[in-house]
Amino acid sequence: MRLVIISGRSGSGKSSALQLLEDVGFNCIDNLPASLVPELIKRVAAEPTNEKTQLALGIDARNLWHDVKHAPRVVQQTRDTGIHCDVIYLDARSPILVQRFSETRRKHPLSDDHTHLLEALDKEKELLAPVAAMADLVIDTSNLDLHQLRSQIKSCIMGKDAPGMALLFQSFGFKHGVPIDSDLMFDLRCLPNPYWVTGLRNKTGLNQEVAEFLRSHHETEAMQRDITTFLQRWLPSYQKSNRSYTCVSIGCTGGRHRSVYMVEQLAKVFAVHFKQIQVRHREQQELT
């Protein structure tokens, strides 16, 4: 049996994630109280075809608070029985979540006459913190549309049968906010900036002219060498600790030149060592 638990703050895309898993053959149950998970697993395990069963559960703040706090213990107990259990935690920046609620005119499950939306989101984050801390994969959906979210989850879950750890390299711009799904983060703002070079401002790190400009500076090569050495030293340790996914974020000021170039270079280097490599350029709204 395979179990995937989807959690996260309201408005982050949990329903869409469960719908995607249902489309690819998972039996999905949303808003299941954490205390009922052991009994559900016991019943499923008793079925003759349980080895082929794929089960996805949505557990979030709609559970009573005293039920949510038991989720980490339930997950660990499940894993101790030998059942493979992935925990995916979705989140987004609070202003983005407020905007989504405004657009849909939905009521937050923790809001009431005395608790406004932003307070409810903060309380929800606090309640779900133990679940977020044990997640195998954290996805920041702030800049993802529905298709990109579904693509990323499908790639991670359906590619899980491949050996080894899945590795995501993503570029971002510090001026647009730090991505909350990062496991490792590197800052390239000290490198020469193509933005200030005539003819390069409107291009990106995917363009040959920008790549040539960056390669012409020894600082760029030194930074790439140091990041590569660090990752080569420590990523195997992440993998040995049974991590399924690791997200390496590379940031520059705007997220369009230096970080994009560096992500592309690092992905090429580590594609030799990891079978599951993903590249995402956050500020360009593309996921590959």
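Quick caveat: nothing in here was measured; it's all calculated off a predicted structure. (Residues numbered from 1 in each chain as written. Predicted model: local features only at pLDDT ≥ 70, side-chain atom pairs only at ≥ 80, totals over all residues. Heavy atoms only, no water.)

**Thoughts on the state of the cysteines**
Item 1. Inspection of the entire model under this criterion finds zero disulfides.
Item 2. Just so you know, C190 is unpaired, no disulfide at all, and the nearest cysteine sulfur is the one on C252, 11 Å from it.
Item 3. Using a relative accessible area of 60% as the deciding quantity, one classes C190 as exposed. (Disulfide = S-S within 2.5 Å. Buried < 20%, exposed > 50% of the residue type's maximum accessible area, 1.4 Å probe, protein only.)

**Regarding the layout of surface pockets**
Item 1. In this structure, the largest pocket encloses a volume near 450 Å³.
Item 2. Lining of the largest pocket is provided by 20 residues; of these, G11, S12, G13, K14 and S16 occupy positions nearest its centre.
Item 3. Of all the secondary structure elements, the ones that give two or more residues to the lining of the largest pocket are helix 1 (14-23), helix 5 (94-104) and helix 7 (146-158). (1 Å grid on protein atoms, 1.4 Å probe; cavity = no way out; pocket = protein on both sides within 12 Å on 5 of 7 lines; lining within 4 Å. Points joined across faces, edges and corners; volume = space filled by probe spheres on them. Helix = DSSP H or I, 4+ residues; strand = E, 2+ residues; numbered from the N terminus.)

**Notes on the nonpolar core**
Item 1. Judged by nonpolar contacts, the single largest core of 24 residues is most densely connected at L3, I5, V37, L57 and V87.
Item 2. Secondary-structure elements contributing two or more residues to this core are strand 1 (2-8), helix 2 (37-45), strand 3 (54-58), helix 4 (71-80), strand 4 (84-91) and helix 6 (117-133).
Item 3. Per element, the largest residue contribution to this core is four residues, and it comes from helix 2.
Item 4. Leaving out residues up to four positions away in the same chain, I5 has contacts with L57, I59, V75, C85, D86, V87 and I88. (Core = buried A, V, L, I, M, F, W, Y, C linked by side-chain atoms within 4.5 Å. Contact = heavy atoms within 4.5 Å.)

**Structural notes on the sheet that holds strand 1**
Sheet strands associate in pairs through backbone hydrogen bonding, adopting either a parallel or an antiparallel arrangement.
Item 1. Strand order in the open sheet formed by five strands is 2-3-1-4-5, with parallel pairing between adjacent strands. The sheet is open, and its two borders are formed by strand 2 (27-29) and strand 5 (137-140), each paired with just one other strand. On average, each strand axis in the sheet is tilted by 20° relative to the strand beside it, whichever way the strands run.
Item 2. With seven bridges joining them, strand 1 and strand 4 adopt parallel strand pairing. Paired with R2 across the two strands is H84, which belongs to strand 4.
Item 3. Sitting on the sheet, helix 2 is in contact with strand 1, strand 2 and strand 3, with an inclination near 165° to strand 3. (Pairing = 2+ DSSP bridges. Axes fitted to C-alpha atoms, helices over the stretch in contact; angles between N-to-C directions.)

**Quick word on the packing of helix 9 (residues 218-240) against helix 10 (residues 258-270)**
Item 1. One way to put it is that helix 9 packs onto helix 10 with a least axis distance of 11 Å and a crossing angle of 45°. Our classification of the angle between helix 9 and helix 10 gives oblique. Both helix 9 and helix 10 take part in a crossing whose hand is right-handed. For the pair formed by helix 9 and helix 10, the contact residues are T220, E221, M223, Q224, I227, T228, L231, Q232 and L235 on the first element and Y261, M262, Q265, L266, V269 and F270 on the second.
Item 2. Residue composition of the contact of helix 9 with helix 10, by class: nine nonpolar, five polar and one charged. (Parallel < 35°, antiparallel > 145°, perpendicular 65-115°, else oblique. Left-handed = near helix turned anticlockwise from the far one by under 90°. Nonpolar A, V, L, I, M, F, W, Y, C, P; charged D, E, K, R; others polar.)

**Describing the environment of R79**
Item 1. Its location among the elements puts R79 in helix 4.
Item 2. On the basis of relative accessibility, which here comes to 24%, the residue R79 falls in the partly exposed class.
Item 3. Put simply, R79 and T141 are 62 residues apart on the chain and 27 Å apart in space, counted from C-alpha to C-alpha.
Item 4. Filtering out sequence-adjacent residues up to four positions away, R79 remains in contact with C85, D86, V87, M134 and D136.
Item 5. Of the polar contacts made by the side chain of R79, one reaches the backbone oxygen of C85; its length is 2.9 Å. (Polar contact = N/O pair within 3.5 Å; in protein donor to acceptor, adjacent residues only side chain to side chain.)

**Let's talk about helix 8 (residues 208-215)**
Item 1. Of all the positions in helix 8, only V210, A211, F213 and L214 are classed as buried. Taken end-on, helix 8 shows its buried residues confined to a sector of 160°, consistent with a single buried face.
Item 2. Against the buried residues of helix 8 lie helix 9 and helix 10. (Arc of directions from axis to C-beta.)

**A short note on the pattern of salt bridges**
Item 1. Applying the stated rule across the entire model yields nine salt bridges.
Item 2. R150 is paired through a salt bridge with D23; the nearest N and O atoms lie 2.9 Å apart. Taken together, the positions of R150 in helix 7 and D23 in helix 1 put the pair 127 residues apart, joining distant regions of the chain.
Item 3. By relative accessible area, which is 22% here, R150 ends up partly exposed.
Item 4. Across the pair E283 and R282 runs a salt bridge, and its minimum N-O distance is 2.7 Å. Accessibility assignment for this pair places E283 and R282 in one class, buried. (Salt bridge = Lys/Arg side-chain N within 4 Å of Asp/Glu carboxyl O.)

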